[in-house]
Amino acid sequence: MLAPPAALPAEHLTPHDLVAYFRCPHEMELEKARKARGTGPVAPPVRTPADVVPLHRSPLLAPPVGAVRVNPGRIAFGPSDRLVYEDEGEDDLPVLFPTEQVALDPRFRVGRENLIDSSLGLAGRPDFVVALGTRSLVPVEYKETHLFIGYHEAHGRLFDTVQAIAQCQLVETVFGRRPPYGIVLYGDAAGSGEHEGWVEVPFGDPEAAWLRYALRQIRDDAIRAPVPAERNCGGCEPNGEGMCRYAAARYEGPHHRAWMAGQPR
Ligand code: SF4
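Residues numbered from 1 in each chain as written. Predicted model: local features only at pLDDT ≥ 70, side-chain atom pairs only at ≥ 80, totals over all residues. Heavy atoms only, no water.

**Student:** Sorry if this is basic, but what is going on with the sheet that holds strand β7 (residues 181–186) here?
**Tutor:** Strand pairs in the sheet, formed through backbone hydrogen bonds, run parallel or antiparallel to each other. On the basis of which strands lie adjacent, the open sheet formed by six strands has the order β1-β8-β7-β6-β5-β2 and mixed pairing. At either end of the open sheet lies a strand with only one pairing partner, and these are β1 (69–72) and β2 (82–86). Geometrically, the sheet is characterised by an average inter-axis angle of 25 degrees between neighbouring strands, direction not taken into account. Pairing of β2 with strand β5 (residues 128–132) involves four bridges; the strand directions are antiparallel. Paired with leucine 83 across the two strands is valine 130, which belongs to β5. (Pairing = 2+ DSSP bridges. Helix = DSSP H or I, 4+ residues; strand = E, 2+ residues; numbered from the N terminus. Axes fitted to C-alpha atoms, helices over the stretch in contact; angles between N-to-C directions.)

If you want it as structure tokens, here you go:
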């Protein structure tokens, strides 16, 4: 009797994949092909069929955002808070703590600097993880852009929420402690910090359930359809390399996406 075929391993995904899929599933597919091209002799085939019908919006439902808290101004951590992780692969991160409040935790180094959730097939790196006193660990994602007025209306901010939820899950898995929220920090680098701010994205059962649903949907999606729109295509890196035949706009470089995110829809 033939043995049943072994189950294929779940597709490896990152918080960045989630963000790309949420913007345009085809972008995520092209990004993966682009990265694989640089790591192996044969790039994996792109699964989007040639006769695909482009979509007006991504098929992924938005994450819960009702309890997101928006805070204008400069973030201030307390004297008993500690920086326990910093992504050393990022060059332009701000200094959040004086050296006496930096206590890097070796548990974050186990996965070659990636935080890994093997059961969900998810791995990635927040910019920082901060221990708030002895109570909580929270991931912090830094964005150079400013805190947008009308946060909930701004197209790009939902992407930051997606990323924060995925990073909270990774911190919970690595430490066995659920972060109450993830922080997205807006540094307003171009505006000298005048419009800094930060957002607390809660991480409870609804957000964790949304994440599981999202990962399943992405893996089950055999089409990875394009969502051509100026706000998407202008910041899409595969578009910058001429990889997409559905592009609705020319690639405008890495800052285009942040700028577009602040525009009224
Ligand atoms: S260029 Fe536009 S349609 Fe094509 S992959 Fe990028 S975001 Fe999607």
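Now that the structure has been shown, we can carry on.
**Student:** Before we go on, may I ask you to explain the side chain of glutamine 217 in this structure?
**Tutor:** With respect to the helices and strands, the residue glutamine 217 is situated in helix α4 (residues 205–220). Judged by relative accessible area, glutamine 217 falls into the buried class, the value being 16%. With near-sequence residues (within four places) excluded, glutamine 217 lies in contact with Tyr21, Pro59 and Leu60. (Buried < 20%, exposed > 50% of the residue type's maximum accessible area, 1.4 Å probe, protein only. Contact = heavy atoms within 4.5 Å.)

**Student:** Would you explain the confidence of the model for the chain in this entry?
**Tutor:** Should the pLDDT be low somewhere, the predicted coordinates at that spot are not to be read in detail. For the chain, per-residue confidence averages 85 on the pLDDT scale, and 84% of positions sit at 70 or higher. Averaged pLDDT values for the elements of the chain fall to 54 in helix α7 (residues 254–261) and rise to 96 in α4. (pLDDT = per-residue confidence, 0-100.)

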